[in-house]
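Each chain, written out:
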Amino acid sequence: MVAPGRPPEVVVPLRTSEWTIRALLDQHEGWLARQLARAPERGLTLEAMTERQGRTRARALVHKLIAEEAPRLGVTVTRIAIRDQRTRWGSCSSRGTLSFNWRLVLAPPEVAGYVVVHELCHLREPSHSPRFWRLVAGARPGYSEQRRWLAEHGWELQAYTPS
Ligand SMILES: [Zn+2]
């Protein structure tokens, strides 16, 4: 299966032998090459940086966004942590610590903004209730587009290897 912006995927029945898969790939090599050449989006071009640089930038970005958005949302942040979380972009503890994935600096600014606003809204509404999403929409009217971007490209940011 070849989907835009994703590595090609081969779907085979369970217990298909490695040999059969290789033979299939050989057989369809030309087709696969044509599909990949036609794929409109060849992935993101991500700026080279070390993890340390990424974390420093992420911290500055998150602090700036929180300084702008927290007063508007009427919330106070007690602690900010920058992490390398494999599965999430941000999280909010019951004690008011907000954690963010440093890889957010690789995302477009509006996407990073949405993730920060999402976690800030959890300080007012812990669950993903309709009330929560109304709060998010109030601060980021285009948030569904930013969620879609993360669903489509998040894996590319997670796969990024710092230099
Ligand atoms: Zn959430």
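Please refer to the structure higher up on the page.
Keep in mind that this is a model prediction, so the values were computed, not measured.

Here is what the cut-offs are and how they apply
Residues numbered from 1 in each chain as written. Predicted model: local features only at pLDDT ≥ 70, side-chain atom pairs only at ≥ 80, totals over all residues. Heavy atoms only, no water. Helix = DSSP H or I, 4+ residues; strand = E, 2+ residues; numbered from the N terminus. Buried < 20%, exposed > 50% of the residue type's maximum accessible area, 1.4 Å probe, protein only. Contact = heavy atoms within 4.5 Å. Areas by Shrake-Rupley, 256 points an atom, 1.4 Å probe, with all protein chains shown as cover. Axes fitted to C-alpha atoms, helices over the stretch in contact; angles between N-to-C directions. Parallel < 35°, antiparallel > 145°, perpendicular 65-115°, else oblique. Nonpolar A, V, L, I, M, F, W, Y, C, P; charged D, E, K, R; others polar. Donors = N, O, S within 2.8 Å, 3.2 Å for Na, K, Ca; no water. Core = buried A, V, L, I, M, F, W, Y, C linked by side-chain atoms within 4.5 Å. Pairing = 2+ DSSP bridges. Salt bridge = Lys/Arg side-chain N within 4 Å of Asp/Glu carboxyl O.

**Focus: the overall build of the protein chain**
Along the protein chain, the regular secondary structure elements total six helices and three strands. Ordered by position from the N terminus, the helices and strands of the protein chain form the series α-α-α-β-β-β-α-α-α. Looking at the protein chain as a whole, 38% of its 163 residues qualify as buried. When contacts within the protein chain are restricted to residue pairs at least 6 apart in sequence, long-range pairs at least 24 apart make up 57% of them. By element, 53% of the accessible surface of the protein chain is carried by carbon and sulfur atoms, the whole surface being about 10200 Å².

**Side note on the packing of helix 4 (residues 109-122) against helix 6 (residues 143-159)**
For the pair helix 4 and helix 6, the least separation of the axes is 9 Å and the interaxial angle reads 105°. Classed by the angle they form, the pair helix 4 and helix 6 counts as roughly perpendicular. Within the contact between the two elements, helix 4 uses Glu 110, Val 111, Tyr 114 and Val 115 and helix 6 uses Tyr 143, Gln 146, Arg 147, Trp 149 and Leu 150. Split into classes, the residues belonging to the contact of helix 4 with helix 6 amount to six nonpolar, one polar and two charged.

**A word on the coordination of the zinc ion**
Taken together, His 118 (NE2), His 122 (NE2) and His 128 (NE2) make up the full set of protein donors to the zinc ion, lying 2.0 Å away. Donor residues binding the zinc ion come from one chain and are separated in sequence as H-x3-H-x5-H. Separated by 10 residues along the polypeptide, His 118 in helix 4 and His 128 in the loop between helix 4 and helix 5 (130-139) bring together distant segments of the chain.

**As for the nonpolar core**
Grouped together as the largest cluster of nonpolar side chains are 35 residues, with contacts concentrated most on Ile 66, Phe 100 and Leu 120. If you list the elements that add at least two residues to this core, you get helix 3 (51-73), strand 1 (79-83), strand 3 (97-101), helix 4, helix 5 and helix 6. The dominant element in this core, judged by the number of residues it contributes, is helix 4, at seven residues. Those residues in contact with Ile 66, other than ones at most four positions away along the chain, are Pro 71, Val 77, Ile 80, Leu 98, Phe 100, Val 116 and Leu 120.

**Quick word on the sheet that holds strand 1**
Pairing within the open sheet is mixed, and its three strands lie in the order 1-3-2. Taken across any chain shown, the strands that pair with only one partner, and hence form the sheet edges, are strand 1 and strand 2 (90-92). Each strand axis lies, on average, 15° off the axis of its neighbour in the sheet, ignoring direction. Of the strand pairs in this sheet, strand 2 and strand 3 are connected by three bridges, and their pairing is antiparallel. In the sheet register, Ser 91 faces strand 3, and the bridge partner there is Ser 99. Strand contacts of helix 3: strand 1 and strand 3, with the helix running at about 145° to strand 1, the strand carrying the most contacts.

**Points about the pattern of salt bridges**
Taken as a whole and judged by the stated rule, the model has seven salt bridges. Of the charged contacts in the structure, one is a salt bridge between Arg 55 and Glu 51, with a shortest N-O distance of 2.9 Å. Placement of both Arg 55 and Glu 51 in helix 3 is noted, with a separation of four residues, approximately one turn of the helix. We classify Glu 51 as partly exposed; its relative accessible area is 27%. The salt bridge involving Arg 140 is made with Glu 69; its shortest N-O contact spans 3.0 Å. Linking Arg 140 in the loop between helix 5 and helix 6 with Glu 69 in helix 3, this pair joins segments that are 71 residues apart in sequence.

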